[in-house]
Amino acid sequence: MGLKIYNTLTRKKEPFVPVNPGKVGMYVCGVTVYDMCHIGHARSVVLFDVIYRYLLKSGLDVTYIRNFTDIDDKIINRATQLGEDWKHLAERFVKEFHFDMDALGVKRPSIEPKATDHIQDIISLISALIDTGHAYEADGDVMFSVTSFSTYGKLSGKKTEDLVSGARVEVDEKKKDPLDFALWKAAKIGEPFWNSPWGPGRPGWHIECSAMSMRYLGPTFDIHGGGADLTFPHHENEIAQSEGATGEPFAKYWIHNGFVNIRSEKMSKSLGNVLNIRDILKETHPEALRLFLLSSHYRSPLDFNDTSIREASVGLERLYAACASLEEIEEAAGRLSSLPVELSDLDSRFREAMDDDFNTPKGLAIMFEASRAINRIHTESGGDKDKIPAPDLLRKAGNELAGWARDVFGILNENPQDFLEKTRRSGTDELGITEDQIRQLLDERSEARKTRNFKLADEIRDKLLEKGILIEDGPEGSTWRVKQ
RNA sequence: GGCGGCUUAGCCAAGUGGUAAGGCGACGGUCUGCAAAACCGUUAUUCGGCGGUUCAAAUCCGCCAGCCGCCUCCA
């Protein structure tokens with residue numbers, strides 16, 4: 001395959017060559033389980049879900065690891081705040097994470113390891129770092145010595161001198177050098193702890209990912225991913241710890257996704273504009289949210305606002321409408337022996353788009369072009385069998401299209417008729433009119449139209465429109481839908 | 001202060017050397033009693049500005065302007 005991936009490590013698009021032919025090891029930093037997941041988490045999780053799905057579709061044997069950080073300062077603080085056992089709190093938010101991600105149609109990774117299940121791996125790794133001279137014990141803590149690792153900064157492009165002069169580094173007497181970071185933290189009174197050669201304590205933030213990735217994928221593996229903010233210091237530190245301990249190269253390709261802004265502002269707790277996935281899904285179809293998240297390139301910033309999410313919803317409906325049209329023209333038993341270009345070679349065109357550093361916007365463009373071609377056949381053939389491609393041709397195109405939409409993008413999983421019907425009447429409850437009343441008014445209007453009383457017919461239509469109901473007259477009578 | 005990125009139509013957004021995908025919106029047309037939906041057509045002689053390299057640049061180089069991210073927990 002001709003997959004190219006933009007590698008943060010080299011700042012270039014590079015051909016993807018797996019360490020072991022036919023196999024892929026992929027590790028993505030998951031969430032710290034102390035709160036509900038927001039739209040930013042959704043972007044990262046959906047992106048790597050699509051990457052995982054694409055690698056699987058390419059016939060690769062993928063081992064996909066996504067961890068949970070279930071012991072950390074934030075968890076301890078939140079637990080104290082709520083008067084809840086920290087372990088209970090962590091488990092609760094693991095469940096919430098799964099609830100949201102299942103709703104978003106995210107495939108479960110091969111393994112979802114938790115930091116607390118890997119304390120022994122972590123301790124072994126720290127011991128190895130002490131043995132190799134990359135770490136030192138300091139009063140119950142263990143610190144990583146940044147200056148001991150000569151290539152420190154290679155991922156984020158930082159020089160250690162610049163970092164020191166940046167002067168934003170935390171001062172800590174236990175550190176020999178201000179840049180050093182904790183591998184193991186001695187437990188304070190009342191804090192959760194595990195016993196270790198250095199006394200009771202818990203792992204630092206970065207070490208768990210080194211320990212768990214190497215545990216499941218070996219010292220060298222293919223892809224390591226996460227949000228752009230994790231590049232430094234988290235991933236930089238992971239490299240230092242892992243390569244320092246093993247002496248072998250760590251992850252080969254580093255993939256980082258851009259941030260989601262909310263109405264052009266950075267999403268942050270202080271601005272109070274953090275959007276939870278749970279809340280968004282109350283008003284937005286999960287597939288529309290996926291479509292939105294995949295509508296721009298993964299490394300670009302993405303702005304969440306009323307327009308962008310509405311466009312995604314409209315777009316999803318358009319794709320489903322095309323699916324429904326396709327079913328109809330398939331049943332028409334056409335005799336045309338060729339397909340329009342927009343419906344030809346779909347597999348190779350989708351592959352070309354995804355091979356180019358997972359260009360999902362391009363992939364979506366192919367779907368929209370195909371939809372337009374389907375609609376065109378639908379309306380312009382006028383039922384003329386000589387203008388409709390033969391069913392087997394249409395079926396092939398439809399299968400390719402649906403295959404990519406479902407298997408890779410994770411959309412169009414519903415029955416088109418059911419989806420459209422559901423969308424048509426979604427939100428009726430809030431309009432102050434029942435479906436029976438609508439039906440009744442529609443019947444009245446049909447009568448009026450039969451007798452060519454268009455004044456009354458239009459009055460009824462306007463009245464319904466005021467309520468938010470849109471009427472569509474078709475050859476088989478009138479239908480209604482809730483105006484979006 | 002250090003490092004990195006971005007700037008493409010009214011809006012969103014692909015495109016990294018060969019002459020501007022796609023979506024939303026708007027306008028005109030077909031259809032309709034009129035609409036709606038759907039389809040067709042139009043909507044960037046041009047890619048922040050100024051120079052340079054080249055037969056050829058949105059794409060490469062330089063300078064300038066504006067915006068953003070990271071350097072501290074953060075997807």
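Preceding this section is the structure that the text describes.
1. Structural notes on the packing of aromatic side chains
This structure, assessed with the given rule, holds 14 aromatic pairs. Plain terms: the ring middles of phenylalanine 16 and tyrosine 253 are 5.1 Å apart, the flat faces sit at 50° to each other, and that makes the pair tilted. One end of the pair, phenylalanine 16, is in the loop between β2 (12-15) and β3 (23-32); the other, tyrosine 253, is in strand β10 (residues 251-257), with 237 residues separating them in the sequence. This pair shows no difference in class: phenylalanine 16 is buried, exactly as tyrosine 253 is.

2. Considerations on empty space enclosed by the protein
Within this structure, the stated rule accounts for three cavities of 30 Å³ or more. Of the pockets and cavities examined, the largest cavity occupies roughly 60 Å³. Taken together, Arg43, Val46, Leu47, Leu293, Leu294, Ser296, His297, Tyr298 and Thr360 form the lining of the largest cavity. Top contributing element to the lining of the largest cavity by residue count: helix α1 (residues 39-57), with three residues. Of the residues in the lining of the largest cavity, the class split is five nonpolar, three polar and one charged. Taken as a whole, the second largest cavity spans an internal volume of roughly 40 Å³. For the second largest cavity, the full set of lining residues is Leu319, Ala322, Cys323, Met367, Ser371, Ile374, Leu401 and Leu412. Those elements that provide at least two residues to the lining of the second largest cavity are α10 (306-331) and α12 (360-380). For the lining of the second largest cavity, the per-class residue count stands at seven nonpolar, one polar and no charged.

What counts, and where the lines are drawn
- Residues numbered from 1 in each chain as written.
- Chains lettered and ligands numbered in written order.
- Predicted model: local features only at pLDDT ≥ 70, side-chain atom pairs only at ≥ 80, totals over all residues.
- Heavy atoms only, no water.
- Phe/Tyr/Trp six-rings, centres within 6.5 Å; stacked < 30°, edge-to-face > 60°.
- Helix = DSSP H or I, 4+ residues; strand = E, 2+ residues; numbered from the N terminus.
- Buried < 20%, exposed > 50% of the residue type's maximum accessible area, 1.4 Å probe, protein only.
- 1 Å grid on protein atoms, 1.4 Å probe; cavity = no way out; pocket = protein on both sides within 12 Å on 5 of 7 lines; lining within 4 Å.
- Points joined across faces, edges and corners; volume = space filled by probe spheres on them.
- Nonpolar A, V, L, I, M, F, W, Y, C, P; charged D, E, K, R; others polar.

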